[in-house]
Amino acid sequence: MRNGIHIDVTDKAIEISKYAEFIKHAPSATAMLDNNLNYIALSEQWVKEFNLKSIDDTIGKNHYELFPEIGAEWKAIHQKCLTGEKAQSEADKFTRANGSVQWLRWAINPWYNIYGNIGGLIMMTEDITERITNKELLHISEETFRGNFEHAAIGMAISDYKGKGLKVNQTLSEMLGYTMEELLTTSFVDLTHPDDIDKDLVLFKRVTAGEIDNYQIEKRCLHKDGSIVHIILALS
């Protein structure tokens, strides 16, 4: 549709019916409207996505009648597209009249008759609400984890599969006497008492190999001042 959709309106009813059948079975939510934003054709997916009654019940109705919540910003986009412009968005929040929220990925193009005149608009949308919601939940989860990690009363660290620190918290730094920067350049092997390395390393390799999900052991770590720190290590 980059070059527009051309429709012969010499006999509008006959010509539109050909495109209406094509749009009806379009896999995406698609609607075809005239210059007054009245529905000419729409897909079954459009009915489903916007919880409408049916295709037949929607044909002839005005877009703003069905969606009274559409504000001035959206209407301005429609008017620009009726002058020949195209518009699209990867993610827009659409608050429905009943208070529910949909996140939409959308594109609007004008369609033209064989005389080169704009006959109306083609609208295509994709409901990405679930994707956006999951992204927001992941962000909240990450923020929660970050807060818990940084302010935890126990020493915590994230390491790579070789045991090199990627992130440590202040509690671990204070526990072992190293700065957080120093810990990030130190392997857990270097921090472990020589007599406890083997039993820890065997279990660590089993986790990185996917044989087990986690383990917990008592071990001794070496403080920066040379003293021994007894800990319970839980790793996953």
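All of the points below concern the structure found in this document. Every residue gets a number counted from 1 within its own chain, in the order that chain's sequence is written. Restriction of local features to residues with pLDDT of at least 70 applies here, the model being predicted, together with a cutoff of 80 or more for giving and counting side-chain atom pairs; totals for whole chains, interfaces and linings are based on all residues. Hydrogens and water are ignored here; the side-chain numbers use all heavy atoms of the structure.

On to the overall build of the chain, then. Put simply, DSSP marks the helices as runs of H or I at least four residues long and the strands as runs of E at least two long, and each gets a number from the N terminus on. When helices and strands are counted, the chain shows 10 helices and 10 strands. Burial here depends on accessible area, computed with a 1.4 Å probe over protein chains only, as a share of the maximum for the residue type. Under 20% is buried, over 50% is exposed, and the range in between is partly exposed. Evaluated residue by residue, the chain yields a buried proportion of 39% over its 236 residues. Intrachain contacts of the chain at a sequence separation of at least 6 include 41% that bridge at least 24 residues. Shrake-Rupley sampling with a 1.4 Å probe provides the accessible areas, and residues are treated as covered by the protein chains on show and by no other component. Total accessible area computed for the chain in this model is approximately 14300 Å², and 52% of it derives from carbon and sulfur atoms. Two residues form a contact once any of their heavy atoms are found within 4.5 Å.

A pair of aromatic rings is counted whenever rings of Phe, Tyr or Trp (Trp by its six-membered ring) have centres within 6.5 Å, and the orientation is called stacked for planes under 30 degrees apart, edge-to-face for over 60 and tilted otherwise. On inspection of all chains with the given rule, the structure shows 8 aromatic pairs. Ring geometry for phenylalanine 50 and phenylalanine 94: centres 6.5 Å apart, planes at 75°, overall edge-to-face. Pair noted here: phenylalanine 50 is in the loop between helix H2 (44-49) and helix H3 (55-58) and phenylalanine 94 is in strand E4 (residues 87-95), with a separation of 44 residues, a long-range link. Taking the relative accessible area as the measure of exposure, phenylalanine 50 reaches 3% and is therefore buried. The buried category is assigned to phenylalanine 94, whose relative accessible area is 7%. Each ring, one from phenylalanine 67 and one from phenylalanine 94, has its centre 6.1 Å from the other, and the planes form 55°; the classification is tilted. With a gap of 27 residues between them, phenylalanine 67 in the loop between helix H4 (63-66) and helix H5 (72-81) and phenylalanine 94 in strand E4 connect regions that are remote in the sequence. As far as burial versus exposure is concerned, phenylalanine 67 and phenylalanine 94 are alike and both buried. An aromatic cluster is present here, built from Tyr39, Trp46, Phe50, Phe67, Trp74, Phe94 and Trp106 joined pairwise through their rings. Working rule: Lys NZ or Arg CZ, within 6 Å of ring centre, within 35 degrees of ring normal, means a charge sits over the ring. For the cation-ring pair, lysine 75 lies above tyrosine 64, with the distance from its terminal atom to the ring centre recorded as 4.9 Å.

Here strand E5 (residues 101-113) lies mainly inside the structure; 10 of its 13 residues are buried. Here, a strand pair is defined by DSSP locating no fewer than two bridges between the strands. The hairpin formed by E4 and E5 contains 5 residues between the paired strands, and glycine 99 there has a positive phi angle of roughly 95°. When E5 meets strand E6 (residues 118-127), the two strands line up antiparallel, connected through 9 bridges. When the sheet's bridge partners are listed, tryptophan 106 is paired in E6 with threonine 125. The antiparallel pairing of E5 with E6 creates a hairpin that spans 4 residues between the two strands, and glycine 116 there sits at a positive phi of about 85°.

In what follows, salt bridge is the name for a side-chain nitrogen of Lys or Arg lying within 4 Å of a carboxyl oxygen of Asp or Glu. A complete count under the given rule lists 9 salt bridges for this structure. In this structure, arginine 96 engages glutamate 69 in a salt bridge whose closest nitrogen and oxygen atoms are separated by 2.7 Å. Of the two residues, arginine 96 is situated in the loop between E4 and E5 and glutamate 69 in the loop between H4 and H5; the sequence distance between them amounts to 27 residues. For arginine 96, a relative accessible area of 16% puts it in the buried group. Between aspartate 200 and lysine 219 there is a salt bridge, with its nearest N and O atoms 2.5 Å apart. With a gap of 19 residues between them, aspartate 200 in helix H10 (residues 197-208) and lysine 219 in strand E9 (residues 215-222) connect regions that are remote in the sequence. Considered together, aspartate 200 and lysine 219 belong to a single accessibility category, that of buried residues.

Purely geometric stuff here, so don't read any function into it on its own.
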